[in-house]
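Here is how the chains run, residue by residue.
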Amino acid sequence: MIRTARESNACVEVRLTDQAVAVRDSKAPGDGQIVVSHAAWRGFLSKVEQGFGW
């Protein structure tokens with residue numbers, strides 16, 4: 001599954017697979033991707049929901 005949002009200039013694509021989550025810059029897809037575990041992705045989303053209170 002790939003999800004995109006085109007409402008801003010800061011666009012990323014997120015691909016969910018059974019094994020991991022891949023994230024890449026939709027404007028420069030050839031520059032590579034970041035692949036993280038589902039647990040790491042959930043942790044990241046949790047921080048985003050909390051307002052980046054690292």
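Scroll up to find the structure this text is about.
Predicted model, so just to flag it, every value in this text is computed and none were measured. Residue indices follow the written sequence of each chain, beginning from 1 at its first position. Only residues with pLDDT of at least 70 are given local features in this predicted model, and only at 80 or more are side-chain atom pairs given and counted; all residues enter the totals for whole chains, interfaces and linings. Hydrogens and water molecules were not included; the side-chain quantities draw on all heavy atoms of the structure.

(A) The overall build of the protein, seen in detail. Strands here are runs of E lasting at least two residues and helices are runs of H or I lasting at least four, both read from the DSSP assignment and numbered beginning at the N terminus. A tally of regular secondary structure across the protein gives one helix and four strands. Counting from the amino terminus, helix and strand elements in the protein follow one another as β-β-β-β-α. Per-residue burial over the protein gives 19% buried out of 54 residues. Counting only carbon and sulfur atoms, one obtains 53% of the accessible surface of the protein, whose full area is about 4,300 Å². To sort residues, take the accessible area from a 1.4 Å probe on protein chains only and compare it with the maximum for the residue type: under 20% means buried, over 50% means exposed, and anything in between is partly exposed. Exposure was quantified through the Shrake-Rupley algorithm and a 1.4 Å probe, taking into account, for residues, occlusion by the shown protein chains and nothing else.

(B) Region of the structure containing the side chain of Glu13. Among the secondary structure elements, Glu13 is positioned in strand β2 (residues 12-16). N or O atoms closer than or at 3.5 Å make up a polar contact, with two conditions inside protein: a donor-capable atom paired with an acceptor-capable one, and, for residues adjacent in sequence, both atoms drawn from side chains. Polar contacts involving the side chain of Glu13 include one to the side chain of Arg24, which spans 2.6 Å.

(C) Inspection of the pattern of salt bridges at higher detail. Salt bridge, as used here: a side-chain nitrogen of Lys or Arg that lies within 4 Å of a carboxyl oxygen of Asp or Glu. Overall, the coordinates contain one salt bridge when judged by the stated rule. Across the pair Glu13 and Arg24 runs a salt bridge whose closest N-O atoms are separated by 2.6 Å. Of this pair, Glu13 sits in strand β2 while Arg24 sits in strand β3 (residues 21-25), and the two are eleven residues apart along the sequence. The exposure class assigned to Glu13 is buried, which follows from its relative accessible area of 14%.

(D) Representation of the side chain of Ser26 within the structure. The residue Ser26 is located in the loop between β3 and β4 (34-36) in this model. Ser26 gets classed as buried once you look at its relative accessible area, which sits at 19%. In what follows, a contact means two residues having at least one pair of non-hydrogen atoms within 4.5 Å. When near neighbours in sequence (up to four residues on either side) are disregarded, Ser26 contacts Cys11, Val12 and Glu13.

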